[in-house]
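# Coordinates in review
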Amino acid sequence: MTDPVRFTPPTTDPWKGLRGVMAGTLILEVIVLGLAFPIVANLGPGITWLSGGYLGAVVVAHIVAAGLQGRSYALRLDIGLQILVIAGGFLQWSVAVVGVIFLCVWVYIAYVKHDVEVRMAKGMLPGQQPIDE
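What you see is a predicted model, and the numbers here were worked out from it, not measured in a lab. (Residues numbered from 1 in each chain as written. Predicted model: local features only at pLDDT ≥ 70, side-chain atom pairs only at ≥ 80, totals over all residues. Heavy atoms only, no water.)

## With respect to the nonpolar core
Among the nonpolar cores identified, the biggest contains 23 residues, and Met 22, Leu 26, Leu 33, Val 95, Trp 106 and Ile 109 are the most heavily contacted of them. Listed by contribution, the elements that provide at least two residues to this core are helix H1 (14-42), helix H2 (49-66), helix H3 (74-87) and helix H4 (93-122). Sort the elements by how many residues they give to this core and H1 lands first, with 7 residues. Those residues in contact with Leu 33 that sit more than four places away from it in its chain are Val 58, Val 59, His 62, Val 85 and Val 98. (Core = buried A, V, L, I, M, F, W, Y, C linked by side-chain atoms within 4.5 Å. Buried < 20%, exposed > 50% of the residue type's maximum accessible area, 1.4 Å probe, protein only. Helix = DSSP H or I, 4+ residues; strand = E, 2+ residues; numbered from the N terminus. Contact = heavy atoms within 4.5 Å.)

Structure below.
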């Protein structure tokens, strides 16, 4: 039985760039959710303590999560936040639409992360060389 071939790390850290993309996506979502406040205020019953508190809590959770993108559970946290945003459809359907759109973005980011992991394991990233044992 042969051992799998191991490779040196890539010349640049691909996870550093991915963490930046993930944090930036969360901040972009904070901006979009902030712009949802006037929509909720003008459509339906308006801003109530429940709708304002919910949207405010989700925005704060996104800001906190943007600082946690270096953790191993960051992608699961980000997708979980999308479930919270989609659940905000009980306030106004447009909030759920924002959640569905950003869920699609997070699914794509998860695909990119998986692709980088596979390429790294195969030694296909720039600068990777087989390790001789």
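## Some thoughts on the UniProt feature "transmembrane region" (unreviewed entry) in the chain
When the UniProt feature table is mapped to this numbering, "transmembrane region" (unreviewed entry) covers residues 21-41, 47-68 and 80-109. Secondary structure content for residues 47-68 is 82% helix and 0% strand, and the end C-alpha separation is 30 Å. In the segment residues 80-109, helix accounts for 83% and strand for 0%; the C-alpha atoms at its two ends are 14 Å apart. (UniProt positions renumbered as here; feature names shortened; annotations may be inferred.)

## Comments concerning the pattern of salt bridges
Here the structure, examined in full by the defined rule, presents 2 salt bridges. The closest approach of N and O atoms between Arg 19 and Asp 13, which form a salt bridge, is 3.9 Å. Taking the shortest distance from any N to any O, the salt bridge between Asp 115 and Arg 119 comes out at 3.0 Å. Linking Asp 115 with Arg 119, this pair stays in helix H4, spanning 4 residues, or about one helical turn. (Salt bridge = Lys/Arg side-chain N within 4 Å of Asp/Glu carboxyl O.)

## Let's talk about the packing of H1 against H3
As a packed pair, H1 and H3 sit with axes 11 Å apart at the nearest point and diverge in direction by 15 degrees. Taken together, the axes of H1 and H3 lie roughly parallel to each other. Note that H1 runs across H3; the crossing there is left-handed. Along the contact surface, H1 presents Met 22, Leu 26, Glu 29 and Leu 33, while H3 presents Ala 74, Leu 75, Asp 78, Leu 81, Gln 82 and Val 85. For the contact of H1 with H3, the class distribution of residues is 7 nonpolar, 1 polar and 2 charged. (Axes fitted to C-alpha atoms, helices over the stretch in contact; angles between N-to-C directions. Parallel < 35°, antiparallel > 145°, perpendicular 65-115°, else oblique. Left-handed = near helix turned anticlockwise from the far one by under 90°. Nonpolar A, V, L, I, M, F, W, Y, C, P; charged D, E, K, R; others polar.)

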